[in-house]
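The residues making up each chain are set out below.
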Amino acid sequence: MEQPVTSLSGGNQQKVALARLLHQDADVLLLDEPTRGIDIAARPSVYQTISECAERGKAVLMISSYLPELFGMLRPAGCKEPWVPVGGAADKRMDSRVGYCSGNGQ
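Source: prediction; values computed, not measured. (Residues numbered from 1 in each chain as written. Predicted model: local features only at pLDDT ≥ 70, side-chain atom pairs only at ≥ 80, totals over all residues. Heavy atoms only, no water.)

As a further point, take the overall build of the protein chain. Regarding its fold elements, the protein chain presents four helices and three strands. Relative to its 106 residues, the protein chain shows a buried fraction of 28%. If you take every contact in the protein chain between residues at least 6 apart in sequence, the share linking residues at least 24 apart comes to 65%. On the protein chain, roughly 7,500 Å² of surface is accessible, and the fraction owed to carbon and sulfur atoms is 57%. (Helix = DSSP H or I, 4+ residues; strand = E, 2+ residues; numbered from the N terminus. Buried < 20%, exposed > 50% of the residue type's maximum accessible area, 1.4 Å probe, protein only. Contact = heavy atoms within 4.5 Å. Areas by Shrake-Rupley, 256 points an atom, 1.4 Å probe, with all protein chains shown as cover.)

On the surface, Leu67, Phe71 and Leu74 cluster together into a nonpolar patch covering about 360 Å² of accessible area. By secondary structure assignment, the location of leucine 67 is in helix H3 (residues 67-73). Look at leucine 67 and you get partly exposed, because its relative accessible area is 48%. (Patch = residues over 30% accessible without salt bridge, like charges linked within 9 Å, V, L, I, M, F, W, Y side chains within 5 Å. Salt bridge = Lys/Arg side-chain N within 4 Å of Asp/Glu carboxyl O.)

Below, the discussion takes up the pattern of salt bridges. Throughout the structure, instances matching the rule amount to two salt bridges. Salt-bridge contacts for lysine 58 lead to aspartate 25; the nearest nitrogen and oxygen are separated by 2.7 Å. Taken together, the positions of lysine 58 in the loop between helix H2 (43-55) and strand S2 (59-63) and aspartate 25 in the loop between helix H1 (10-23) and strand S1 (28-32) put the pair 33 residues apart, joining distant regions of the chain. With a relative accessible area of 54%, aspartate 25 lands in the exposed category. In this structure, the salt-bridge partner of arginine 36 is glutamate 33, at a minimum N-O distance of 3.8 Å. Exposure remark for arginine 36: the relative accessible area of 45% places this residue in the partly exposed category.

Another aspect to go through is the nonpolar core. Judged by nonpolar contacts, the single largest core of 13 residues is most densely connected at Leu29, Leu31 and Ile50. The set of elements that each furnish at least two residues to this core consists of H1, S1 and H2. Top contributing element to this core by residue count: H2, with four residues. (Core = buried A, V, L, I, M, F, W, Y, C linked by side-chain atoms within 4.5 Å.)

Turning our eyes to something else, we now look at the environment of aspartate 32. With respect to the helices and strands, the residue aspartate 32 is situated in strand S1. Separated by 33 residues in the primary sequence, aspartate 32 and serine 65 place their C-alpha atoms 9.3 Å from one another.

Our focus in this paragraph is the side chain of lysine 58. Residue lysine 58 is classed as buried on the basis of its relative accessible area, which comes to 15%. Among the polar contacts listed, one links the side chain of lysine 58 to the side chain of aspartate 25, at a separation of 2.7 Å. When near neighbours in sequence (up to four residues on either side) are disregarded, lysine 58 contacts Asp25, Ala26, Asp27 and Cys53. (Polar contact = N/O pair within 3.5 Å; in protein donor to acceptor, adjacent residues only side chain to side chain.)

And the structure:
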């Protein structure tokens, strides 16, 4: 059965947005309120998916207004390479490797 994403519930739209992001196979995941609208019973599978991405070497930056969610996902942060200033060729190189998912399903 096919139906437009806009006809789905907010939680299901959010799941589609996350699936689209993961399909891109980005090296860096910027997750802005990734579980907004997703029912509490489904959240552990989202957390597991995010953790698996991090375990496979993806960099994950997760933003959430729900502190227990952040504390549950907290991992030590580090930097392998020297910081690269924003601009120029480095930006173009990184653009194709960074994926973004916001809590409003986009």
